[in-house]
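The residues making up each chain are set out below.
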Amino acid sequence: MKENYRNVLSKIEEADAIIIGASNGLSISEGIHIFADDSSFRENFGDFREKYGFHSIIQGCFFPFPTVEEKWAFFSHMYEYFLLNREISPVMKNLYELVKDKNFFVVTSNIDAHFIQAGFPKERLFEIEGNCRNLQCSHSCHDQIYPGDEILSKLAQNQENGKVPLDLIPKCPECGGPMQVHIDVNQNFLRDQSWQTSYQAYQDFIKKAHGNKLVLLELGVGASNQMIKAPFMNLTNHEEIATYITLNKGSELYIPDVIAAKSIGIDGNIAEVLQQLVQMK
Ligand SMILES: [Zn+2]
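Cut-offs and rules
Residues numbered from 1 in each chain as written. Predicted model: local features only at pLDDT ≥ 70, side-chain atom pairs only at ≥ 80, totals over all residues. Heavy atoms only, no water. Donors = N, O, S within 2.8 Å, 3.2 Å for Na, K, Ca; no water. Tetrahedral: all angles 85-135°; square planar, octahedral: opposite > 155°, others 65-115°. Buried < 20%, exposed > 50% of the residue type's maximum accessible area, 1.4 Å probe, protein only. Core = buried A, V, L, I, M, F, W, Y, C linked by side-chain atoms within 4.5 Å. Helix = DSSP H or I, 4+ residues; strand = E, 2+ residues; numbered from the N terminus. Contact = heavy atoms within 4.5 Å. Pairing = 2+ DSSP bridges. Axes fitted to C-alpha atoms, helices over the stretch in contact; angles between N-to-C directions. Right-handed = clockwise from strand over helix to strand, strands pointing away.

Caption draft 1: Representation of the coordination of the zinc ion. The zinc ion binds to the protein through Cys-137 (SG), Cys-141 (SG), Cys-172 (SG) and Cys-175 (SG); the donor distances cover 2.3 Å. For the zinc ion, the 4 donor atoms in the first shell make angles of 107 to 112° at the metal, so the coordination geometry reads as tetrahedral. Judged by relative accessible area, which is 0%, Cys-137 ranks as buried.

Shown next, in the form of structure tokens:
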């Protein structure tokens, strides 16, 4: 096992470029499980669970709330749960510590905005499905997303009986219609200019890394993930000096035979593995 850790560290150390891919498993290692009806969900979203009958944060994101006051109560509460009431986790601190001096880029489907919170620069980050702190027009009438921190904090702090005050609810500055949090929950999700810029930055990073020592560091990405895992495995296969490092738990840890010789898999709790790596660094 120690041998594996040392291999990971030396690959990171030698790398000319590192692409970090993160999904649900990374959040779970921080104690956030958006798909689970776990104790944290019951403790923090118990009122919503009881009132509407949904059993996870993700179900809440897709739930057709009867009124806008209730909808914004949920989304601002989610924002509070992800960011306001939370310090930067040791998981994210360790991850940052591991790569901060390297040439890296992050691609993630996580919506909790924890990479930005942990100090990862925006220009080296592509949040495929948006995040919980930005807003867009629900009709996607125009191509812009807005920082929502101020309004979401205010809404989170002004809830009564599961509702927020109607007059605090944001309206689209262009059409005056409803807004929504910029996460990929329906067909209106905006892939606006800032989304395109991040996507392009990701593609450019891959292009520039061509032929160099590339590390694909994958954190808690499910075995059948097509958005992050499939491109990572392809890159590993096609880039001559690429190394695929995957951290995951049990059956979620998956390395196909064709790239096995270029891969290192570590089966375990991501929080503990990152801690161990930073200690050995
Ligand atoms: Zn609009």
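Caption draft 2: Region of the structure containing the nonpolar core. Ranked by internal contacts, the top residues of the largest apolar core, which has 35 residues, are Ile-57, Trp-72, Phe-74, Met-78 and Phe-82. For this core, the element with the highest residue contribution is helix α5 (residues 68-84), accounting for 9 residues. If you look at the next biggest cluster of nonpolar residues, it comprises 32 residues, including Ala-22, Leu-219, Ile-266 and Leu-274.

Caption draft 3: Main features of unusual backbone geometry. Phi at Ser-140 is positive, roughly 40°, even though this residue is not glycine. Relative to the helices and strands, Ser-140 is located in the loop between β4 (130-137) and β5 (146-147). The exposure class assigned to Ser-140 is partly exposed, which follows from its relative accessible area of 26%. In this structure, Asn-161 takes a positive phi of about 50° despite not being glycine. Asn-161 gets classed as exposed once you look at its relative accessible area, which sits at 70%.

Caption draft 4: Highlighting helix α10 (residues 229-238). Taken residue by residue, α10 has Lys-229, Ala-230, Phe-232, Met-233, Leu-235 and Thr-236 as its buried positions. Of the surrounding elements, those touching the buried residues of α10 are β1 (17-22), β2 (104-108), α9 (193-209), β7 (214-219) and β8 (242-248).

Caption draft 5: Representation of the sheet that holds strand β6 (residues 179-183) in the model. Spatially, 3 strands are ordered β5-β4-β6 in an open sheet, and the strand pairing comes out antiparallel. With one partner strand each, in any of the chains shown, β5 and β6 form the two edges of the open sheet. Where β4 meets β5, 2 bridges bridge the pair, whose relative direction is antiparallel. Across the sheet, residue Asn-134 finds its bridge partner in β5, namely Pro-147. Strand contacts of helix α8 (residues 149-157): β4, β5 and β6, with the helix running at about 100° to β4, the strand carrying the most contacts.

Caption draft 6: Examining the sheet that holds β2 more closely. Taken together, 6 strands build an open sheet; the order of strands is β3-β2-β1-β7-β8-β9 and the sheet is parallel. Two strands lie at the open edges of the sheet, namely β3 (125-127) and β9 (263-267), each paired on one side alone. Mean inter-strand twist for the sheet, computed between neighbouring axes without regard to direction, equals 10°. Looking at chain direction, β1 and β2 are connected through 5 bridges and run parallel. Each bridged residue has a counterpart across the sheet, and for Ile-18 the counterpart in β2 is Phe-104. Contacting β1, β7, β8 and β9, helix α1 (residues 2-14) crosses the sheet at an angle of about 130° to β9.

Caption draft 7: The pairing of β8, seen in detail. Summarising burial for β8: 7 of the 7 residues are buried, a large majority. Of the two faces of β8, the one carrying Ala-242, Tyr-244, Thr-246 and Asn-248 and the one carrying Thr-243, Ile-245 and Leu-247 are both buried. Here β7 runs beside β8; their pairing, made up of 6 bridges, is parallel. Paired with Glu-218 across the two strands is Thr-246, which belongs to β8. Each parallel crossover has a hand, and for β7 linked through α10 to β8 it is right-handed. Sheet topology note: the β8/β9 ladder contains 5 bridges and is parallel. Bridge pairing in β9 places Thr-246 opposite Gly-265.

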